[in-house]
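Structural overview
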Amino acid sequence: MSKSNKMFADKAFELVKELQRSSQTIPPFDDDGVRQVLEEIKAIFEENCAQAANYSTSGDRTLWPLLNFRHAALQRNKRCLLSYLHQRLQRIKALRWEFGSIIPADIKTNLCEPEVTFFNKYSKSLASYMRSIGDGQGIDLTGDLRPPKSLYIEVRCVEDFGKFELEDGEVIYLKKNSQHYLPRSQVETLVRQGILQHIV
Amino acid sequence: MSEEDYTTKITREDACLNRTADDDEDDDEGEEITAQKVLEFLETAWTNEMCAPDILQHQSDMLELMMGQLAHMEENMKDLDKNDFRFVVHQMELERIRYVMASYLRCRLQKIETYTKHLLNEESTRSAEEKRLSPEETKFAQEYYENMEECFQQIALQYMPNTQRSEADQRIVRPNLMSHVFVKANVSVPAVVVGVDDEEVDLAAGSQHIIPYQLIADLIQKHQVQLI
């Protein structure tokens, strides 16, 4: 770490800040950044190890503050890195609530391998939890997100969807730009997926 | 706050709507507890859960009852004409109850996801009848915790020096139990200890207070006060 104007853990902090600033659903996983932080951690650790060995042989107490400082830097690096990952997981979780159990392809490219695994597992345990509520009756918690104001809502079709069957067996044809007056509870998912648009 | 406003409104409306619902279905309420009672209970549980920083006792039994009731009402309504005013009112009522239940469970899930490890640790010290989480929630919490740890492990922790790996205990997130909440006393509660100097306050029935959560946590459990 010889770069003069660079401090320990700068890169890690940068990761956290970048993520906070981005307004995208989820920005691409910063593979490079994470690797740099991990390398820094390793470098600091090795330096510390060497000096700790030096300290125990020579008993030179002047090394003590330096050791402590490096340890703190190491902790900070780790903390920033993990909060970066954690924050991303929070956003990934939000994806599950928004889009259902399949991640849209354009978003998926922004995730790294373990994150995709996390999503799938999260999705699975959420689904099995929702199924098990009320002794196996199950509630879809991803529905009913807002307090209901009216039974029916006016929706406009944004894209061609095709046939859609209502609970009472009535089949309607959702064509682009057509407008319908439908039961809110049944079309909520379509609205969230962006196929229908709620006209207020 | 807007959700809160809605809460009070819905409770009042529901109370009168439900009375009509009960009249229609008088014959199927042989049990002591009426559908309306269950609903009121759930609504209190819902508001409490929304306002409390910590997770409260799960209400699986009540939820189950209510869900059964919902299914039953839906069955009854099949015979009604779609354009009948009663149908519209009842349907709306069902939607509202469904929202309350979903919102309640979502709120709990959110707490579980935030305080996962803390809650799991707490649960392991509680006896079977004091468990705050339902078995399903516990299962979810465990899976969630494992998944998250695994993700951390694979991306970062496994590349760190050995001594840094096993410090999961440092990452436990705990709720702030001393955060202030608004409470309303259901019955008069004498001599509640507030503050550090054992100062005591009597809560009169129906009175409202702002108080740190931890001091009245046990009163919520006993239904002597409710959060608002």
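Just so it is clear, the structure is predicted and the values come from calculations on it, not from any experiment. (Residues numbered from 1 in each chain as written. Chains lettered and ligands numbered in written order. Predicted model: local features only at pLDDT ≥ 70, side-chain atom pairs only at ≥ 80, totals over all residues. Heavy atoms only, no water.)

We now examine empty space enclosed by the protein. Taken as a whole, this structure holds three cavities of 30 Å³ or more when the rule is applied. Estimates place the volume of the largest cavity at around 100 Å³. If you go around the largest cavity, you meet 14 residues; those closest to its centre are Tyr 129 of chain A together with Ser 60, Leu 63, Leu 105 and Ser 134 of chain B. Going through the elements one at a time, helix 5 (113–136) of chain A together with helix 3 (60–77), helix 4 (85–114) and helix 6 (135–155) of chain B are the ones with two or more residues in the lining of the largest cavity. When residues of the lining of the largest cavity are assigned to their parent elements, the largest contribution, four residues, is made by helix 5 of chain A. For the lining of the largest cavity, the per-class residue count stands at five nonpolar, six polar and three charged. Approximately 50 Å³ is the volume attributed to the second largest cavity. Taken together, Pro 114, Thr 117, Phe 118 and Lys 121 of chain A together with Asn 147, Glu 150, Cys 151 and Gln 154 of chain B make up the full set of residues lining the second largest cavity. Only helix 5 of chain A together with helix 6 of chain B provide two or more residues apiece to the lining of the second largest cavity. Here the residues of the lining of the second largest cavity sort into three nonpolar, three polar and two charged. (1 Å grid on protein atoms, 1.4 Å probe; cavity = no way out; pocket = protein on both sides within 12 Å on 5 of 7 lines; lining within 4 Å. Points joined across faces, edges and corners; volume = space filled by probe spheres on them. Helix = DSSP H or I, 4+ residues; strand = E, 2+ residues; numbered from the N terminus. Nonpolar A, V, L, I, M, F, W, Y, C, P; charged D, E, K, R; others polar.)

Turning our attention to the interface of chain A and chain B. Quoted interface sizes are often the accessible area lost when the parts come together. Across the boundary between the two partners, chain A contributes 47 residues, which contact 41 residues of chain B. In this assembly, chain A packs against chain B so that about 4,100 Å² is buried in total across both faces, 68% of it on carbon and sulfur atoms. Of all residues in chain A, Lys 78, Tyr 129 and Leu 151 of chain A bury the most surface against chain B, accounting for 16% of the area lost on that side. The interface formed by chain A and chain B contains three salt bridges. Linking chain A with chain B are seven residue pairs in polar contact (both at pLDDT 80 or more), by the criterion used here. Those elements that provide at least two residues to the side of chain A that touches chain B are helix 2 (31–58), helix 3 (63–99), helix 5 and helix 6 (184–193) of chain A. Element by element, the count of residues in the side of chain A that touches chain B is highest for helix 5 of chain A, at 13 residues. (Contact = heavy atoms within 4.5 Å. Buried area = accessible area lost by both parts, 1.4 Å probe. Salt bridge = Lys/Arg side-chain N within 4 Å of Asp/Glu carboxyl O. Polar contact = N/O pair within 3.5 Å; in protein donor to acceptor, adjacent residues only side chain to side chain.)

When its volume is computed, the largest pocket comes out at roughly 1,000 Å³. Lining the largest pocket are 35 residues, and of these Glu 167, Ser 185 and Gln 186 of chain A together with Glu 74 and Gln 91 of chain B lie nearest its centre. No other element matches the six residues that helix 6 of chain A contributes to the lining of the largest pocket. For the lining of the largest pocket, the residue count by class is 14 nonpolar, eight polar and 13 charged. If you add up the space inside the second largest pocket, you get close to 570 Å³. Tallying contributions element by element places helix 3 of chain A first for the lining of the second largest pocket, with six residues. Each residue belonging to the lining of the second largest pocket can be placed in one class, and the counts come to eight nonpolar, six polar and seven charged.

A few words now on the nonpolar core. Membership of the largest hydrophobic core comes to 75 residues, with the highest contact counts inside it found for Leu 141 of chain A together with Met 101 of chain B. The residues touching Leu 141 of chain A, leaving out its near neighbours within four places in the chain, are Trp 97, Tyr 129, Met 130 and Ile 133 of chain A together with Ala 102, Leu 105, Arg 106 and Leu 109 of chain B. Counting residues in hydrophobic clusters, the runner-up holds 16 residues, among them Val 181, Leu 203, Ile 216 and Leu 219 of chain B. (Core = buried A, V, L, I, M, F, W, Y, C linked by side-chain atoms within 4.5 Å. Buried < 20%, exposed > 50% of the residue type's maximum accessible area, 1.4 Å probe, protein only.)

Turning our eyes to something else, we now look at the UniProt feature "domain: DNA replication complex GINS protein PSF1 C-terminal" (unreviewed entry) in chain A. When the UniProt feature table is mapped to this numbering, "domain: DNA replication complex GINS protein PSF1 C-terminal" (unreviewed entry) covers residues 149–199 of chain A. Annotation note: span residues 149–199 of chain A, helix share 20%, strand share 43%, distance between end C-alpha atoms 14 Å. (UniProt positions renumbered as here; feature names shortened; annotations may be inferred.)

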